[in-house]
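Analysis of the macromolecular model
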Amino acid sequence: MDRPFIFINSAMSADGKISTWQRKQVRISGAIDFDRVDRLRCGSDAIMVGIGTVLADDPSLTVKSVQRKIERKEKGFDENPVRVIIDSQARTPIDADIFKKGEGRRIVVVSSSAPSENVKALRRKAMVIIAGESRVDLPDAMEQLYLLGINRLMVEGGATLNWAMLSSGLVDEIYTFVGNVIIGGQVAPTLVDGEGFKDTSTLPLELISAEKIEQGILLKWKVLNFQ
Ligand SMILES: NC(=O)C1=CN([C@@H]2O[C@H](COP(=O)(O)OP(=O)(O)OC[C@H]3O[C@@H](n4cnc5c(N)ncnc54)[C@H](O)[C@@H]3O)[C@@H](O)[C@H]2O)C=CC1
Ligand SMILES: Nc1nc(O)c(N)c(N[C@@H]2O[C@H](COP(=O)(O)O)[C@@H](O)[C@H]2O)n1
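Residues numbered from 1 in each chain as written. Chains lettered and ligands numbered in written order. Predicted model: local features only at pLDDT ≥ 70, side-chain atom pairs only at ≥ 80, totals over all residues. Heavy atoms only, no water.

The name given to the protein chain in an unreviewed UniProt entry is 2,5-diamino-6-(ribosylamino)-4(3H)-pyrimidinone 5'-phosphate reductase, with Methanomethylovorans hollandica as the source organism. Within the UniProt record for the protein chain, the comment given under Subunit (unreviewed entry) is "Homodimer." The Pathway (unreviewed entry) comment attached to the protein chain in UniProt states, word for word, "Cofactor biosynthesis; riboflavin biosynthesis." (UniProt positions renumbered as here; feature names shortened; annotations may be inferred.)

Its location among the elements puts Asn-9 in strand E1 (residues 5-12). The class for Asn-9 is buried, based on a relative accessible area of 5%. One polar contact links Asn-9 to Arg-36, side chain to side chain, over a distance of 2.9 Å. Once residues lying within four places of it in the same chain are set aside, the contact partners of Asn-9 are Arg-36, Val-37, Leu-40, Met-154, Val-155, Glu-156 and Tyr-175. (Helix = DSSP H or I, 4+ residues; strand = E, 2+ residues; numbered from the N terminus. Buried < 20%, exposed > 50% of the residue type's maximum accessible area, 1.4 Å probe, protein only. Polar contact = N/O pair within 3.5 Å; in protein donor to acceptor, adjacent residues only side chain to side chain. Contact = heavy atoms within 4.5 Å.)

A word on the sheet that holds strand E3 (residues 82-86). Ordered by their spatial adjacency, nine strands build an open sheet running E5-E4-E3-E2-E6-E1-E7-E9-E8, and the pairing between neighbours is mixed. The open sheet is flanked by strand E5 (127-130) and strand E8 (205-213), the only strands paired with a single partner. Adjacent strand axes in the sheet meet at a mean angle of 20° when their direction is disregarded. Of the pairings in the sheet, the one linking strand E2 (residues 46-50) to E3 comprises five bridges and is parallel in character. (Pairing = 2+ DSSP bridges. Axes fitted to C-alpha atoms, helices over the stretch in contact; angles between N-to-C directions.)

Time to look at the site of ligand 1. Not every one of the 25 residues close to ligand 1 is listed here, only the nearest: Ala-11, Ser-19, Thr-53, Asp-57 and Thr-160. Taking Val-136, its main chain carries an N or O atom lying 2.8 Å from a nitrogen atom of ligand 1. Between an oxygen atom of ligand 1 and a main-chain N or O atom of Leu-161, the distance comes to 2.8 Å. Across the complex, the protein chains shield 88% of the 860 Å² of accessible surface that ligand 1 would expose by itself. Looking at the shell around ligand 1, the elements that each hand over two or more residues are E1, helix H2 (51-57) and helix H7 (159-167). For the shell around ligand 1, the element with the most residues is H2, which contributes five residues. Looking at the shell around ligand 1 residue by residue, the classes come out as eleven nonpolar, nine polar and five charged. (Near = heavy atom within 4 Å. Areas by Shrake-Rupley, 256 points an atom, 1.4 Å probe, with all protein chains shown as cover. Nonpolar A, V, L, I, M, F, W, Y, C, P; charged D, E, K, R; others polar.)

Turning to the site of ligand 2, a few remarks are in order. Taken together, 17 residues form the shell around ligand 2, and within it Ile-28, Ser-29, Arg-41, Ser-60 and Lys-64 come nearest. Separating an oxygen atom of ligand 2 from a side-chain N or O atom of Arg-41 is a distance of 2.8 Å. For ligand 2, an oxygen atom lies 2.8 Å from a polar atom in the backbone of Ser-60. Relative to its unbound accessible surface of 520 Å², ligand 2 loses 83% to contact with the protein. When contributions to the shell around ligand 2 are tallied by element, the ones reaching two or more residues are helix H1 (31-42) and H2. Here the shell around ligand 2 gets three residues from one element, more than from any other, and that element is H1. Its residues assigned to classes, the shell around ligand 2 comprises seven nonpolar, five polar and five charged.

In structure tokens form, the structure reads like this:
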């Protein structure tokens, strides 16, 4: 199956949480890490999140640096990479910041069981593609994105989508900034949630690098997918 090069980028607390138990976003990264994230966004063809992240954070997922936006335009790209939402039931609010902020294409990936009125409303804001019947079929979705010209895909969470992508063997690398805060909370989302592996299986990783950034550490991992 052809698919893009796919990496996850996420910020987590020293105790492995990516938001509070109320799913409120907190500042984990400092200015240098936010700038690194901006560079990653700028160099990607698309940035993808799950509907849970859209509903919790209402992110815009835009490139923030004016200079980088200019550079993208000079190279003949839109100011922002394509913004992709994985949203089985087409629940994305039509006034979401992803639609309101910044120029560039948006794609919402829904399943064939998504309510048709919702899909119709979203089609006015974005390209809607269908993959899967009750839930988005991620391998199919990744192949469709590849056929649309997306070669480098940045996944910005959340926890459930990270699990689904990793457990489907669809992730090449993971970049986690571990910040100098504790969030706590038994049900606070972690880097990877979902149902977890059924037995003692684990997904092996190879460490690419570990770099101190301000008071945190950036870990880069290569995913050694099961053969
Ligand atoms: N610190 C960080 O870097 C980041 C933190 N977050 C946090 O993560 C939390 C959101 O994470 P989640 O609630 O886990 O939502 P999520 O963003 O992972 O979206 C999951 C939802 O996507 C939908 N979906 C459709 N097809 C799917 C499939 N095949 N597999 C899996 N999901 C599929 C389902 O409705 C599922 O509930 C928020 O609290 C947000 O603040 C999100 C992004 C980055
Ligand atoms: N890298 C990083 N560090 C943090 O400390 C964070 N809280 C996040 N959050 C992520 O950024 C998204 C917001 O993006 P926009 O500023 O709206 O473009 C948010 O949804 C989280 O994915 N990231």
